[in-house]
Amino acid sequence: MTLKYKLTFMIMAFSIASLLAASTAFMVYDLNVFKSRMIRDLGALAQIIGNNASTAIQSDDQQTARTILSALKAKPHIVAAYLLKPDGTRIAAYNRDKNEPQLTALYSSEGGFFANNRFTLFKSILLRNKKIGSIYIESDPGEFYVRLRYNLMALAVIILAVSIGVFLTASLLQGLISEPILQLVQTTKNVSQTQNYSIELPRQGRDEIGQLFEGFNQMMRQIQLRDVQLTEAKKDLEQRVLKRTEELRKTNEELTQLLSLHDATLEATADGILVVDLKGRVMSYNSNFLKLWKMPDSVAAGGEDEKLIMYSRNQVADQEHFVNVIREHYAHPEESYYDLLELKDGRTFERASRPQKVGDKVVGRVWSFHDITKRKRYEEEIKRAYEELKTIQAQLIQSEKMASIGQLAAGVAHEINNPVGFIGNNLELLTQYIGEYNKILRMLEILKEEFHEGKMEKAKAVIEEIDRFQEEIQLDYVMSDIDKLLEHNHRGIERIQKIVMDLKTFAHEGKDAMDYVKVEDIIDSVTSIVHNELKYKAELVKNYGQTPKVKCSPQRIGQVFINLLVNAAQAIKDKGTIEITTYCRDNYVGVDVKDTGEGIKEEYLKKIFDPFFTTKPVGKGTGLGLSVSHEIIKKHQGDIRVLSKVGEGTTFTVLLPTA
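Per chain, residue numbering runs from 1 following the sequence as it is written. It should be noted that, the model being predicted, local features are given only for residues of pLDDT at least 70 and side-chain atom pairs only at 80 or more, the latter also being counted only at that level, while totals for whole chains, interfaces and linings use all residues. Computation of side-chain values covers all heavy atoms of the structure but excludes hydrogens and water.

Participant: Explain the overall build of the protein here, please?
Facilitator: Think of it this way: any DSSP run of H or I at least four residues long counts as a helix, any run of E at least two long counts as a strand, and we number them from the N terminus. The helix and strand inventory of the protein stands at 16 helices and 17 strands. With a 1.4 Å probe rolled over the protein chains alone, any residue whose accessible area is under 20% of its type maximum counts as buried; one over 50% counts as exposed, and the rest are partly exposed. Counting over 659 residues, the protein shows a buried share of 34%. Summed over its atoms, the accessible surface of the protein is roughly 40800 Å², and 56% of this surface lies on carbon and sulfur atoms. In these tables, accessible area is a Shrake-Rupley quantity obtained with a 1.4 Å probe, and a residue counts as shielded only by the protein chains included in the view.

Structure representation (C-alpha cells):
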C-alpha cells in the first residue's frame, strides 16, 4: 500500500473511530436518561392510581379497584398491575393480555427497576402519612426499543455522511504530505543510481516538510564533501601503505637480526633452555640443554615432547615427580614454578619454568635447567662452617659471661661474707643463750624431784636459786634477743640464697629459652649480683615506668645489663650516680642506663660495639662485653644505642619489642 492510501486510510479510520466512540457514548447516555424518565413516568402513574384507589383499598372495594386499574388500557406498554393490602393480599389486578398476571419479581422495598426485560415499579399507598396498601406496575420495553432503533438509524446516517466528508478531505490533504515525500523518495533513487551528490530539492516553505528538504540538501552537500575527502584520503592511504610496507621490510630485517641475537644469547647462557608451545611441542633449545641432559640432538630436534620427557625422566631419581610437574604446567600455562632435581648420577639441577608471553597472551613455556652440584657442595660446607661459628659464638658469649662472673667474684664473695659474718656472731650468742636455758631447765628438773618427794624446804631453796639466776642472766632480755637473732639470721640466709640463685641463673648456659618477663625484674636480679661493684662507686637510682612484659631470654638480657652497669661503675673515678630508667616508646620497652662518669671520646663511639675494642687498661676487660651485648639485643629484634659527652657521662639505651 502506497503512502497516499495509507494516509487516507489512517485519517478515515481515526475520524470514524472518534465519531463512533462519541456517538456511542451519547446514545448510551440518551438511553439511560430515557430509562430514568420511563421509571419516573411509572412512578407518577402509580401515584395517581394510588390516590384514586385509596378509598377502595380502605373499604376493600375490589370492583372499584379493578375499575381504577382498567384505566391502564390507555397505556399500551403497561403489561400488568396489582393493588395490594399492607399484608400483601391482592385487592385487584390488571393484565394487558387478559391472562392471570404473573409477577416478574417481588420487592421488599420501594423503587423502580429494569429486570427480566421489564420495567417494574413497587410503591406504597399512603393516607395521611400512613401506609394503607401498595401498588405494583410492570411495563414492557417497547418504547425503549423504539428509542434504540431511532438512535441506531441516526448513528448510521451520521457515520455514512461523515465518512464521505472525511474521505474527500483526506484525499485533498494527503497530497500536501505525500507528494513532497514521494518527490524525496524519487530524488533519493536518482542519487543512489547516478552517484551524483550535487542534486538538490527545491525549497518547500518553512514547515516540517521544508525543513526535511533543507536537511536532505545539507546532507547531500556533506556527502559530496566527504566524497572529496575520501578520495584524498585514499590517495594518502596508498602513500602510507607504501611507507608502511617499507617499514615492515626494515622491521623484518631487524627481527631477523634479533632472532640471530636471541639464538646467540641462548647459546651463550650457561643454563639449559627449552622452549615449548601450549601443546608441549618443542619450539627451540640451546646446546647446553643437550649437554646437561646428555641428550642426542635427534631426540630434541624431532619436536616430540613425549620422547624428550621419557629420555630426561630416566636420568632423574624421583621420576614420578619430574613428570607430574610437567603435566601440571601444561594444564596451567599461566603459572611459574621452581624446584630442585636430584639425578641418579649425583648431580643436582635447578629447574625453573615460566610462561612465554606475547603482550598479555601466553603462547608457550620456557624451561631452564642449571647445574648447581658444585654450588650445593659449597653451600653445605658454608652451612657446616656457620654451625661451627655459631658454636664458637655461643662459647664466646659464655666465656664473656664467666669472665664477668670472675670479675665480680670478689664483690659477690664480699656480699656473701657480710651475712655469713653476722650469722656466725649470732650463732655464738645463741649458743650462750642455749647453755643458760639448759641450766634453768636442770634447776627445774631438781625442783620437780624435790616437790614430788615432799621436800618443800629444798624446793623453796631451788626456786630462790632460779630467781637469782634469772636476774643474773637477764632472762627477759635473752628471750627477746633470741627472736631478733633468729630473724636476722633468716634475713641473712635469704640474702645469700638470692645472691647464689641470681648468680646461678646468670651463669647457667641455657638454650636461649624465651619467656615473657618484665625488664624491671631482670634489672633487680642483676643488681644484686653487681651490688658490691656499684656501692663504693655510685649511687644507684631506679626510675621504673609502667612497662609491659617483653618476650626475651632473661639470662641473655641480664648479661647485657650487667655489662652496662659494670662499665658505668668503671667509668666513674671517685663517686657518682648511675640512673636506670624504664619506659614505653611506640612498640618498644626502653631502658636507659645513665652514668656520671668520664664519657667516651667521639672517635671511639663508632667502635665500641666492635669485638675486642676497649678503652680500658690491659687486664681490665676483654673488649667483648659491648660486642656481645649488641649481638644479644639484635637477636631479640631490638636496638642498643649510646650517647656520650666527655666529662659529663654516658647513656646507653636498650630497646626491646613489646610482647
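Moving on from the model shown.
Participant: Could you clarify how one ought to interpret the pattern of salt bridges in this entry?
Facilitator: Side-chain pairs of opposite charge can arise whenever the charged atoms involved come near each other. The rule for a salt bridge is simple: a side-chain nitrogen of Lys or Arg has to be within 4 Å of a carboxyl oxygen of Asp or Glu. Evaluated as defined, the whole model comprises 16 salt bridges. Note that aspartate 524 and lysine 542 form a salt bridge whose closest N and O atoms lie 2.8 Å from each other. Separated by 18 residues along the polypeptide, aspartate 524 in helix α12 (residues 519-529) and lysine 542 in strand β12 (residues 538-543) bring together distant segments of the chain. Close ionic contact of lysine 645 with glutamate 648 constitutes a salt bridge, the shortest N to O distance being 3.7 Å. Overlapping salt bridges, with partners in common, bring together Lys294, Asp345 and Arg347 in one network.

Participant: Sorry if this is basic, but what is going on with the pairing of strand β10 (residues 361-371) here?
Facilitator: Within a regular strand, side chains alternate between the sheet's two faces. Bridge analysis of strand β6 (residues 272-277) against β10 gives 6 bridges, and the strand direction is antiparallel. Counted as the bridge partner of glycine 272 is phenylalanine 369 from β10. Of the strand pairs in this sheet, strand β9 (residues 348-358) and β10 are connected by 10 bridges, and their pairing is antiparallel. Its bridge partner lying in β10, valine 358 is registered against lysine 361. Hairpin connection from β9 to β10: 2 residues lie between these consecutive antiparallel strands, with glycine 359 at a positive phi of about 70 degrees. A strand pair is defined by DSSP finding two or more bridges across the two strands.

Participant: For this particular structure, what's the right way to read the sheet that holds strand β7 (residues 282-285)?
Facilitator: Pairing between the strands of a sheet is mediated by backbone hydrogen bonds and can be parallel or antiparallel. The sheet built from 5 strands is open, its strands ordered β7-β6-β10-β9-β8 with antiparallel pairing. Whereas interior strands pair on both sides, the edge strands pair on one side only; in this sheet they are β7 and β8 (337-342). Each strand of the sheet is rotated relative to its neighbour by a mean of 20 degrees, with strand direction disregarded. Here 6 bridges tie β8 to β9, and the two strands are oriented antiparallel to one another. Paired with leucine 341 across the bridge in β9 is phenylalanine 349. Should any heavy atoms of two residues lie within 4.5 Å, those residues are considered in contact. Under this scheme, a helix contributes an axis fitted over its contacting stretch, all axes are lines through C-alpha atoms, and angles between N-to-C directions fall in the 0 to 180 degree range. Running at roughly 160 degrees to β8, helix α8 (residues 319-331) makes contact with β6, β8, β9 and β10 of the sheet.

Participant: Help me understand the packing of helix α7 (residues 305-313) against α8, please; the structure alone is not making it clear to me.
Facilitator: Angle between the axes and distance between the axes: these two values describe a pair of packed helices. Across the interface, α7 lies against α8 with an axial gap of 10 Å and an inter-helix angle of 150 degrees. Classified by the angle their axes make, α7 and α8 are roughly antiparallel. Seen from above, α7 lies across α8 with right-handed handedness. Between α7, through Asp305, Glu306, Ile309, Ser312 and Arg313, and α8, the contact on the second element is made entirely by Gln319, Phe322, Val323, Ile326, Arg327 and Tyr330. Class assignment of the residues belonging to the contact of α7 with α8 gives a composition of 5 nonpolar, 2 polar and 4 charged. Any angle from 65 to 115 degrees is called roughly perpendicular, while one under 35 is roughly parallel, one over 145 is roughly antiparallel, and all others are oblique. Left-handed describes a crossing whose near helix is turned anticlockwise from the far helix through less than a right angle; right-handed describes the clockwise counterpart. Residues are sorted three ways: Asp, Glu, Lys and Arg are charged, Ala, Val, Leu, Ile, Met, Phe, Trp, Tyr, Cys and Pro are nonpolar, and all the rest, Gly among them, are polar.

Participant: Teacher, can you tell me more about a nonpolar patch on the surface here?
Facilitator: Only residues above 30% relative accessible area that lack a salt bridge enter a patch, with like-charged residues linked at up to 9 Å and the nonpolar side chains Val, Leu, Ile, Met, Phe, Trp and Tyr linked at up to 5 Å. Residues Leu160, Ile164, Phe167 and Leu168 make up a contiguous nonpolar surface patch of about 420 Å² in total accessible area. Assignment of secondary structure puts leucine 168 in helix α3 (residues 142-194). Owing to a relative accessible area of 55%, leucine 168 belongs among the exposed residues under this scheme.

Participant: What exactly am I supposed to notice about the packing of aromatic side chains here?
Facilitator: The geometry of two aromatic rings is summed up by the distance between their centres and the angle between their planes. Classification of ring pairs rests on two measures: the distance between centres of Phe, Tyr or Trp rings, Trp counted by its six-membered ring, which must be within 6.5 Å, and the angle between planes, read as stacked under 30 degrees, edge-to-face over 60 and tilted in between. Under the counting rule described, the total for this entry stands at 5 aromatic pairs. Between tryptophan 293 and phenylalanine 322, the ring centres sit 5.9 Å apart and the planes meet at 55 degrees, which makes this aromatic pair tilted. Taken together, the residues span a long stretch of sequence, with tryptophan 293 in helix α5 (residues 287-293) and phenylalanine 322 in helix α8 at a distance of 29 residues. The exposure class of tryptophan 293 is buried, given its relative accessible area of 0%. Through pairs of rings, three or more aromatic residues link up here, namely Phe289, Trp293, Phe322, Phe349 and Phe369.

Participant: I'm lost on the nonpolar core in this one. Help?
Facilitator: Soluble globular proteins tend to pack their nonpolar side chains together in the buried interior. Side-chain atoms within 4.5 Å are what join buried Ala, Val, Leu, Ile, Met, Phe, Trp, Tyr and Cys residues into a set we call a nonpolar core. Formed by 38 residues in total, the largest nonpolar core has its most connected members in Ile557, Phe561, Leu564, Ile578, Val591 and Val654. For this core, the elements supplying multiple residues, two or more each, are α12, β13 (550-552), α14 (554-571), β14 (576-585), β15 (588-595), α16 (625-635), β16 (639-645) and β17 (649-657). Each residue touching valine 591, except ones within four places of it in the same chain, is listed here: Val519, Ile523, Phe561, Ile580, Thr581, Thr582, Tyr583, Phe652, Thr653 and Val654. Ranked by size, the runner-up nonpolar core spans 28 residues in total, among them Leu45, Ile57, Phe119 and Ile132.

Participant: Sorry if this is basic, but what is going on with the sheet that holds β14 here?
Facilitator: In spatial order, the strands read β12-β14-β15-β17-β16; together these 5 strands make up an open sheet with mixed pairing. Because the sheet does not close on itself, it has two edges, and the strands there are β12 and β16. In this sheet, adjacent strand axes meet at a mean angle of 15 degrees when their direction is disregarded. Packed onto the sheet, α12 meets β12, β14, β15 and β17 and runs at close to 160 degrees relative to β14.

Participant: How do you make sense of unusual backbone geometry when you look at a structure like this?
Facilitator: Leaving glycine aside, a negative phi is the common case for residues, and trans is the common case for peptide bonds. One non-glycine residue with positive phi stands out, namely aspartate 60, at about 55 degrees. Looking at aspartate 60, the relative accessible area reads 35%, which means it is partly exposed. Phi is positive for glutamine 637, close to 60 degrees, though the residue is something other than glycine. Note on glutamine 637: relative accessible area 60%, which makes it exposed.

Participant: How should the packing of α12 against α14 be read in this particular structure?
Facilitator: Look at α12 against α14: their axes get within 9 Å of each other, and the N-to-C directions meet at 55 degrees. It follows that α12 is oblique to α14 by the angle criterion. Remark: the crossing between α12 and α14 carries right-handed chirality. Every residue of α14 that contacts α12 at Ile522, Ile523, Val526, Thr527 and Ile529 is listed here: Pro554, Ile557, Gly558, Phe561, Ile562 and Leu565.

Purely geometric stuff here, so don't read any function into it on its own.
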